[in-house]
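Structural features, examined
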Amino acid sequence: MTEFRVPDPYAALPDLPALEVTSESVTEGATLAPAQLSGAMGVEGGLDKSPQVSWSAGPEGTRSYVVTVFDPDAPTASGFWHWSVANIPADVTSLPEGACTGTDTSGLPEGAVVLRNDAGFKGFVGAAAPAGHGPHRYILAVHAVGDVLELDDDASCAFVGFNLFGQGLARGTITAIYER
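Attention in this report is confined to the structure presented alongside it. Quick caveat, the model's predicted, so the values are computed rather than measured.

1. Quick notes on the nonpolar core
Among the nonpolar cores identified, the biggest contains 32 residues, and Trp55, Val67, Trp83 and Leu95 are the most heavily contacted of them. The residues contacting Val67, other than those within four sequence positions of it, are Val53, Trp55, Trp83, Ser84, Val85, Ile88, Leu95, Leu140, Ala141 and Val142. With eleven residues, the next largest nonpolar core counts Ala86, Leu149, Val160 and Leu164 among its residues.

See the structure below:
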């Protein structure tokens, strides 16, 4: 098993009931496919397509969902947010692969809000671990939320995460790996 420099970032958050999260694009513990790698950040063959993801319905009181992809192993003090979509309607329990491809967010349901990722744009940026830095984890998370989040146009992915504290009702994750 690979040893990672940074602990599981979700371990420090409050325990929540589990959502069952599945994906045709991302497999627990497996290497990410080229579709989820970043051509925009120099990975040859990378397509910057958001992964397909499905989840079980949230508990009673779920008003929306948030879906994120986060790399806690990026060589920064704060990891790297690849994708964050908030206010997915409560009656939606899946997103197709490529719902976001780069800045094209046309595959998302009405009402969903895409946040600016750490590459600086609203959309999905694929994995691009620096060459020689070792394996990175890419955590695909789905959060059931007890409200629709009020977000300014310039809200960040970390701001969404902060607002999930106390409003999150359930959470599920799948973690994949990529290394250059």
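2. A closer look at helix 1 (residues 157–164)
Every α-helix carries 3.6 residues per turn, so stepping three or four residues along brings you back to the same face. Listed in full, the buried residues belonging to helix 1 are Cys157, Val160 and Leu164. The arc that holds every buried residue of helix 1, seen down its axis, measures 60°, which confines them to one face. Here the buried face of helix 1 lies against strand 3 (64–71), strand 4 (80–89), strand 7 (136–145) and strand 8 (168–178).

3. Details of unusual backbone geometry
We note that Asp48 has phi near 55°; this positive angle belongs to a residue other than glycine. On the secondary structure map, Asp48 appears in the loop between strand 1 (21–22) and strand 2 (53–55). For Asn87, which is not a glycine, the phi torsion comes out positive at approximately 60°. Relative to the helices and strands, Asn87 resides in strand 4.

4. Considering the packing of aromatic side chains
A complete count under the given rule lists three aromatic pairs for this structure. Arranged with centres 5.6 Å apart and planes meeting at 90°, the rings of Trp83 and Phe124 form a pair that is edge-to-face. Here Phe124 lies in the loop between strand 6 (113–114) and strand 7 and Trp83 lies in strand 4, a separation of 41 residues in the sequence. Take Trp83: its relative accessible area is 0%, and that puts it in the buried class.

5. With respect to the pattern of salt bridges
Inspection of the entire model under this criterion finds three salt bridges. The closest approach of N and O atoms between Asp73 and Arg137, which form a salt bridge, is 2.7 Å. Residue Asp73 is located in the loop between strand 3 and strand 4, and its partner Arg137 is located in strand 7; the two are separated by 64 residues in the primary sequence. Accessibility assignment for this pair places Asp73 and Arg137 in one class, buried. One salt bridge connects Lys122 with Asp153, and the closest N-O pair in it is separated by 2.6 Å. Residue Lys122 is found in the loop between strand 6 and strand 7, and its partner Asp153 is found in the loop between strand 7 and helix 1; the two are separated by 31 residues along the sequence. With a relative accessible area of 32%, Lys122 lands in the partly exposed category.

6. Quick word on the pairing of strand 3
For strand 3, a buried count of eight out of eight residues is recorded, marking the element as mostly surrounded by other parts of the structure. Of the two faces of strand 3, the one lined by Ser64, Val66, Thr68 and Phe70 and the one lined by Tyr65, Val67, Val69 and Asp71 are each fully buried. Sheet topology places strand 3 next to strand 4; seven bridges connect them, and they run antiparallel. Bridge pairing in strand 4 places Thr68 opposite Ser84. Both strand 3 and strand 7 contribute to a ladder of seven bridges, which runs antiparallel. Within the sheet, the bridge partner assigned to Ser64 lies in strand 7 and is Val145.

7. Focus: the sheet that holds strand 2
Reading across from one edge, 1-2-5 is the order of the three strands in this open sheet, with antiparallel pairing throughout. Strands with a single pairing partner mark the edges of an open sheet, and in this sheet they are strand 1 and strand 5 (94–95). Sheet topology note: the strand 2/strand 5 ladder contains two bridges and is antiparallel. Residue pairing in the sheet places Ser54 in a bridge with Ser94 of strand 5.

Analysis parameters
- Residues numbered from 1 in each chain as written.
- Predicted model: local features only at pLDDT ≥ 70, side-chain atom pairs only at ≥ 80, totals over all residues.
- Heavy atoms only, no water.
- Core = buried A, V, L, I, M, F, W, Y, C linked by side-chain atoms within 4.5 Å.
- Buried < 20%, exposed > 50% of the residue type's maximum accessible area, 1.4 Å probe, protein only.
- Contact = heavy atoms within 4.5 Å.
- Helix = DSSP H or I, 4+ residues; strand = E, 2+ residues; numbered from the N terminus.
- Arc of directions from axis to C-beta.
- Phe/Tyr/Trp six-rings, centres within 6.5 Å; stacked < 30°, edge-to-face > 60°.
- Salt bridge = Lys/Arg side-chain N within 4 Å of Asp/Glu carboxyl O.
- Pairing = 2+ DSSP bridges.

Any functional reading would require information beyond the geometric quantities listed.
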